[in-house]
Amino acid sequence: MTPVRRATPEDAEEVLRLRQVMIDSLARSDPSTAWHAESLPVLRERLAAPDGGFAAFVVDHPRRAGALAALVAGTIEYRIGGAHNPRGTDGYVFSVATDPDARRRGYARACMDALLEWFRERGAVRVRLTASPEAEPMYRSLGFVPKPDPLLELRL
């Protein structure tokens, strides 16, 4: 069994490092890390609020003390309910990343299991995420199904 734990404020720098690993793997990503300095105090604050709507689950790196091997982060969000989700509680998964030298060991799956349980405990009836082609088989094996999403975005 893989030892998964909830991330703490002390993990914030490593959480950002793994988030950058994920970002760097995306097409058209921005390799800049200048944003880390501004993001770090906000992340520490969020990780210190265990009853908030944000959670990150991690696995410690088995060969590098103080490093993380895997990260999964998500949020609970409220939307006005509807027929398929009367309570309006949705889970959103993002920042799924595994250190390149720790892949193919089940760490991301173990973290996903912990996050999904966290969603269930908070009443989420639906969980959404965006998957890379490489990660899609894992998500499908967990029960995720593709949905057409007419996503539009406005940057403010």
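Once a new chain begins, its residue numbering starts again from 1 and follows that chain's sequence as written. Totals for whole chains, interfaces and linings use every residue, but because this is a predicted model, local features are given only for residues with pLDDT of at least 70 and side-chain atom pairs only at 80 or more, for both listing and counting. As a convention, hydrogens and water are excluded, and side-chain values are obtained from all of the structure's heavy atoms.

Turning next to the layout of surface pockets. A pocket here means an open set of points on a 1 Å grid, computed over the protein atoms alone, that has protein on both sides within 12 Å along at least five of seven lines. A cavity is instead a set of points where a 1.4 Å probe fits but cannot get out; residues with an atom within 4 Å of a point line either one. Grid points are joined across faces, edges and corners, and a volume is the space filled by probe spheres set on the points. Roughly 240 Å³ of volume is contained in the second largest pocket. Along the walls of the second largest pocket sit 13 residues, with Arg19, Ser39, Leu43, Phe54 and Phe94 positioned nearest its centre. Sorting the residues of the lining of the second largest pocket by element identifies helix H1 (12–24), helix H2 (36–47), strand S3 (68–78) and strand S4 (89–98) as the ones contributing at least two each. Secondary structure elements are defined from DSSP: runs of H or I of at least 4 residues count as helices, runs of E of at least 2 residues count as strands, and each element is numbered from the N terminus. Among the elements that line the lining of the second largest pocket, the one with the most residues is H2, at four residues. Amino acid classes used here: Ala, Val, Leu, Ile, Met, Phe, Trp, Tyr, Cys and Pro are nonpolar; Asp, Glu, Lys and Arg are charged; the rest, including Gly, are polar. Its residues assigned to classes, the lining of the second largest pocket shows nine nonpolar, two polar and two charged.

Two quantities define a packed helix pair, namely the angle between the axes and the distance from one axis to the other. To get an axis, fit a line to the C-alpha atoms, keeping to the stretch in contact for a helix; angles then go from 0 to 180 degrees between the N-to-C directions. The contact between H1 and H2 brings their axes to 9 Å, and the two run at 120°. Regarding the angle of H1 to H2, the classification is oblique. The handedness of the crossing between H1 and H2 comes out as right-handed. Contacts between H1 and H2 involve Ala12, Glu13, Val15, Leu16 and Gln20 from the former and His36, Ser39, Leu40, Leu43, Arg44 and Leu47 from the latter. Between 65 and 115 degrees an angle is taken as roughly perpendicular, under 35 as roughly parallel, over 145 as roughly antiparallel, and anywhere else as oblique. Left-handed describes a crossing whose near helix is turned anticlockwise from the far helix through less than a right angle; right-handed describes the clockwise counterpart. Any two residues having at least one pair of non-hydrogen atoms within 4.5 Å are treated as being in contact.

Before going further, it helps to spend a moment on the packing of aromatic side chains. Pairing of aromatic rings covers Phe, Tyr and the six-membered ring of Trp, with a centre-to-centre limit of 6.5 Å; geometry is then stacked below 30 degrees between planes, edge-to-face above 60, and tilted otherwise. The full count for this structure, using the stated rule, is three aromatic pairs. Look at phenylalanine 54 and phenylalanine 94: their rings are 6.3 Å apart centre to centre, the planes differ by 25°, and that puts the pair in the stacked class. In this pair, phenylalanine 54 sits in strand S2 (residues 54–60) while phenylalanine 94 sits in strand S4, placing the two residues 40 residues apart along the sequence. On the accessibility criterion, phenylalanine 54 (12% relative accessible area) is buried. Relative accessible area decides the class of each residue, using a 1.4 Å probe on protein chains only: under 20% of the type maximum gives buried, over 50% gives exposed, and in between gives partly exposed. According to the relative accessible area criterion, phenylalanine 94 is partly exposed, its value standing at 32%.

Judged by pairing direction, the sheet is mixed, and its five strands sit side by side in the order S1-S2-S3-S4-S5 without closing on themselves. Each edge of the sheet is formed by a strand with only one pairing partner; in this case those strands are strand S1 (4–6) and strand S5 (126–128). Across this sheet, the average inter-strand angle for adjacent strands is 25°, counted without regard to direction. Sheet analysis places S1 next to S2, joined by three bridges and oriented antiparallel. Along S2, the bridge assignment pairs arginine 5 with valine 58. Here H1 sits on the sheet and contacts S2, S3 and S4; the angle it forms with S3, its principal contact strand, is near 90°. For two strands to pair, DSSP has to find at least two bridges joining them.

Attention now goes to the pairing of S2. In summary, the side chains of a regular strand alternate between the two faces of the sheet. Within S2, six of the seven residues are buried, which leaves it mostly tucked inside the rest of the structure. The sheet contact formed by S2 and S3 spans seven bridges and is antiparallel. Within S3, the position partnered with aspartate 60 by the bridge is leucine 68.

Before going further, it helps to spend a moment on H1. Expected span of a helix: the number of residues minus one, times 1.5 Å. With 13 residues, H1 should cover 18 Å at 1.5 Å per step; its first-to-last C-alpha distance of 18 Å lies within 8% of that length. Looking at H1, one finds that the buried residues are Ala12, Glu14, Val15, Leu16, Leu18, Gln20, Val21, Met22 and Ile23. Of the surrounding secondary structure, the elements contacted by the buried residues of H1 are H2, S2, S3 and S4.

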